[in-house]
Amino acid sequence: MNHLLIIQARMGSSRLPNKVLKELCGKPMLQHIIERTSRSRKVDRIIVASTIREEDRQIEDLCRCISVECYRGAENDVLDRYYQAASKYQPKNVVRVTADCPFIDPIVIDEIIQIHEAGKYDYTSNTLVETYPDGLDTEVFTFGALEKAWKEAALASEREHVTPYIKFQGGFNRYSVERSPSLADKRWTVDTETDFEVVTQVYNALYGQKDIFLMEDILTFMESHRQIEQMNENTVRNEGYLKSIANDHVVWEKK
């Protein structure tokens with residue numbers, strides 16, 4: 001298998017509990033993300049990686065209903081969860097997407113995979129330098145890089161957020177996919193009720209109008225609906241990761 005896409009999802013968000021199953025146009029947000037990523041031409045298989053907490057059985061139930069594989073593992077050690085989910089298939093590459101990104105774009109996914117393959121990089125993403133909207137974050141890394149991080153990453157922030165060790169440590173061959181002009185000021189992810197209201201209004205306007213709406217469609221919509229875009233524009237990007245860094249500590253003994 002060349003490309004295994006793993007979506008991390010859990011019900012226990014501190015700022016917006018149960019957000020991954022909140023409905024957009026009659027479907028759970030997670031289902032939309034699965035359907036959008038399934039439009040990738042390069043991804044071979046999609047797995048949802050959730051936790052063993054009882055409340056996350058609802059995520060497993062949804063996956064069963066729509067015939068998508070669900071792996072359930074560690075709650076806080078998401079790096080271990082990714083590694084265990086991927087180990088079954090030992091793919092050449094893993095694609096990482098999170099379940100709070102209902103605008104995730106399959107075209108962007110395929111572009112990043114293509115660059116990753118052509119350059120034979122260990123890690124390729126549009127997150128090393130933030131020039132894409134927050135909510136289109138896509139990371140591609142080799143299974144070997146994932147395994148090395150799983151063995152060596154020791155800090156809580158490295159375990160909880162999966163890729164910091166690969167992004168900043170370990171001597172990996174990395175490539176940053178960047179867009180010009182930058183769209184880093186756009187917030188298209190869901191962490192708060194206001195974020196969800198923004199996403200809901202976009203879905204209500206664009207969903208079903210064409211086969212699938214993409215980044216350029218959203219940009220066009222937002223240009224004529226600035227009041228929607230302004231609703232959440234002052235929210236801090238990557239707030240959860242910044243909090244993890246502020247409270248970092250060793251939690252893992254290197255293998």
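The model shown is predicted, which means the values in this text are computed figures rather than measured ones.

Cut-offs applied
- Residues numbered from 1 in each chain as written.
- Predicted model: local features only at pLDDT ≥ 70, side-chain atom pairs only at ≥ 80, totals over all residues.
- Heavy atoms only, no water.
- Phe/Tyr/Trp six-rings, centres within 6.5 Å; stacked < 30°, edge-to-face > 60°.
- Buried < 20%, exposed > 50% of the residue type's maximum accessible area, 1.4 Å probe, protein only.
- Lys NZ or Arg CZ within 6 Å of the ring centre and 35° of its normal.
- Core = buried A, V, L, I, M, F, W, Y, C linked by side-chain atoms within 4.5 Å.
- Helix = DSSP H or I, 4+ residues; strand = E, 2+ residues; numbered from the N terminus.
- Contact = heavy atoms within 4.5 Å.
- Salt bridge = Lys/Arg side-chain N within 4 Å of Asp/Glu carboxyl O.

Caption draft 1: Spotlight on the packing of aromatic side chains. Summed over the entire model, instances satisfying the criterion amount to 10 aromatic pairs. The interplanar angle of 75 degrees and the centroid separation of 6.3 Å between the aromatic rings of Tyr165 and Phe172 together place this pair among those described as edge-to-face. Like Tyr165, the residue Phe172 is buried in the burial classification. Each ring, one from Tyr203 and one from Tyr207, has its centre 5.8 Å from the other, and the planes form 35 degrees; the classification is tilted. Owing to a relative accessible area of 1%, Tyr203 belongs among the buried residues under this scheme. A relative accessible area of 32% means that Tyr207 is categorised as partly exposed. Through successive ring pairs, a cluster of aromatic residues spans Phe103, Trp188, Tyr203, Tyr207 and Phe213. Geometry around Phe213 places Arg36 over its ring, the cationic atom sitting 4.6 Å from the centre.

Caption draft 2: The arrangement of the nonpolar core in detail. One finds Ile7, Leu30, Val48, Ile59 and Phe103 to be the most contacted residues of the largest nonpolar core, which totals 50 residues. Of all the secondary-structure elements, those providing two or more residues to this core are β1 (3-8), α1 (29-37), β4 (45-51), α2 (57-65), β6 (93-98), α4 (106-119), α8 (193-206) and α9 (215-223). In terms of residues, this core owes the most to one element, α8, which gives 6 residues. Apart from residues no more than four positions distant in its own chain, Ile59 is found in contact with Ala9, Arg10, Met11, Val20, Leu21, Leu30, Val48, Ser50 and Cys70. Core analysis: the second largest hydrophobic core is formed by 23 residues, Leu4, Ala86, Phe143 and Trp150 among them.

Caption draft 3: Expanded view of the pattern of salt bridges. In total, this model carries 25 salt bridges according to the counting rule given. Glu69 is paired through a salt bridge with Lys88; the nearest N and O atoms lie 3.2 Å apart. In this pair, Glu69 sits in strand β5 (residues 69-73) while Lys88 sits in the loop between α3 (78-87) and β6, placing the two residues 19 residues apart along the sequence. Among the residues examined, Glu69 registers a relative accessible area of 21% and is labelled partly exposed. Classification of Lys88 by relative accessible area gives exposed; the value is 59%. The salt bridge partner of Arg159 is Asp77, with a shortest N-O separation of 3.2 Å. Of this pair, Arg159 sits in helix α6 (residues 156-160) while Asp77 sits in the loop between β5 and α3; the two residues are 82 residues apart in sequence, bridging distant segments of the chain. A relative accessible area of 2% places Arg159 in the buried class.

That is the geometry; function is a separate question.
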